[in-house]
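Examination of the molecular architecture
For reference, the chains in residue letters:
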Amino acid sequence: MSDAIAVLLFIGVIAYALFGGADFGAGFWDLTAGGAARGNRARRLIDVSIGPVWEANHTWLIYCLVMLWSAFPLAFAAITTTLYIPLGLAVLGIVLRGAGFAFRKASMRTPEQRIYGATFALSSVLTPYCFGSVAGAIASGRVPTAGYGDPVGSWNNPTSVLGGVLAVSVCAYLAAVYLTAAARQNGSPRLTVWFGRRAQVAGIVTGVFCLAGIFLLRADSPRLFHQLSHRGLPLLVISALCGLLSLFLLRRDSPLALRMLAALAVATVVCGWGVAQYPYLLGTHLTIAEAAAPTPTLWVLASVAGAAGVLIAPSLAALYILQNKGRLESRG
């Protein structure tokens, strides 16, 4: 039962990586779009694309937190008492990002728009980096079972830095691919080319980071490296193939296939981490079974998750479908 709940938890992690990750990546391209005049068209597409859904995407983060502290309270306590600095920065980034995005759209003067836009864009980079560093700390075993680990070194180490950089680059890649498809659907050839080139660069950079990360993990996290290169290798190969194929489709008129391949590339690499981590929840010292709450609690969580899937998933699916068809207006 604990394994089943862990799978449900990880489904939420993958969903947040895909939907929330695309939002964060859009902020990265907002940051690098250029001045007010040059980047106006790109920023307008970003606003239209993420405006209707950016609040809903954080539903997955809440889902993950509730599942973690309810099903695995020991691990939740260990993570939050050790990694409270990056987690606090990530939460601050989410708040500032939402405020910056909303106030930029309501502002009438260019100087104010620049301030709020910079807040939105910088926070969009800070938050995924912090979440990636948290994942690196957990995977490399730097979160002790009893908690209260090194508050600085636990998330400032080679594996955590790699996790943070990969999180930013993956989000940038995912957002660029989604925005390329959105620009093509909106009939904007210039923006299609603009975001398409950035998707190619982001995909290549992410691939380079992944290759470099192999050697880094071998030195800093040998067990994680071994499991990724054996048990998780098929998933990593699928991720690489999907990523390469998505770069090829950037020049084709296939927005749905393009989005699906990019999403599959990210989902499989996240799954690779989960498969490599199994059966441990923290490093190599706390297993999923050892961290699990009592069985009745797990059954209640499974029932709640099932009910949420029946009641909420269709609403989210309808939201994404309508937004993809351009039938929703951004409201900030």
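Here, the structure is the one placed above.
Let me begin by describing the structure that accompanies this report. Bear in mind that the values here come from a model prediction, so they are computed numbers and not experimental data.

Comments concerning helix α5 (residues 84–106)
- Under the 1.5 Å per step criterion, the end-to-end length of α5 is 33 Å for 23 residues, consistent within 8% with the ideal 33 Å.
- Buried within α5 are the following residues: Pro-86, Ala-90, Gly-93, Ile-94, Arg-97, Gly-98, Gly-100, Phe-101 and Arg-104.
- Looking at the packing, one finds that the buried side of α5 touches α1 (2–31), α2 (40–50), α3 (59–71) and α6 (110–139).

Here we look at the nonpolar core
- Trp-29, Tyr-173 and Phe-195 are the most contacted members of the largest nonpolar core, which has 42 residues in total.
- For this core, the secondary-structure elements that each account for two or more residues are α1, α2, α7 (158–185), α8 (189–220), α10 (233–249) and α11 (255–277).
- Looking at this core element by element, the count peaks at twelve residues for α7.
- With 25 residues, the next largest nonpolar core counts Phe-72, Ile-79, Ala-291 and Ala-293 among its residues.

Considering the environment of Pro-294
- With respect to the element layout, Pro-294 can be found in the loop between α12 (288–291) and α13 (295–311).
- Along the primary structure Pro-294 and Phe-72 are separated by 222 residues, whereas in three dimensions their C-alpha atoms are 9.5 Å apart.

Notes on unusual backbone geometry
- Between Tyr-278 and Pro-279 the backbone carries a cis peptide bond, its omega angle lying at 5°.
- Tracing the chain through its elements places Pro-279 in the loop between α11 and β1 (280–282).
- If you check the backbone angles, Tyr-148 has positive phi at about 55° while not being a glycine.
- Within the fold, Tyr-148 resides in the loop between α6 and α7.
- Of the residues examined, Tyr-148 reaches a relative accessible area of 67% and is grouped as exposed.

Rules of the game
- Residues numbered from 1 in each chain as written.
- Predicted model: local features only at pLDDT ≥ 70, side-chain atom pairs only at ≥ 80, totals over all residues.
- Heavy atoms only, no water.
- Helix = DSSP H or I, 4+ residues; strand = E, 2+ residues; numbered from the N terminus.
- Expected span 1.5 Å × (residues − 1).
- Buried < 20%, exposed > 50% of the residue type's maximum accessible area, 1.4 Å probe, protein only.
- Contact = heavy atoms within 4.5 Å.
- Core = buried A, V, L, I, M, F, W, Y, C linked by side-chain atoms within 4.5 Å.

Honestly, it's all geometry; don't read function into it.
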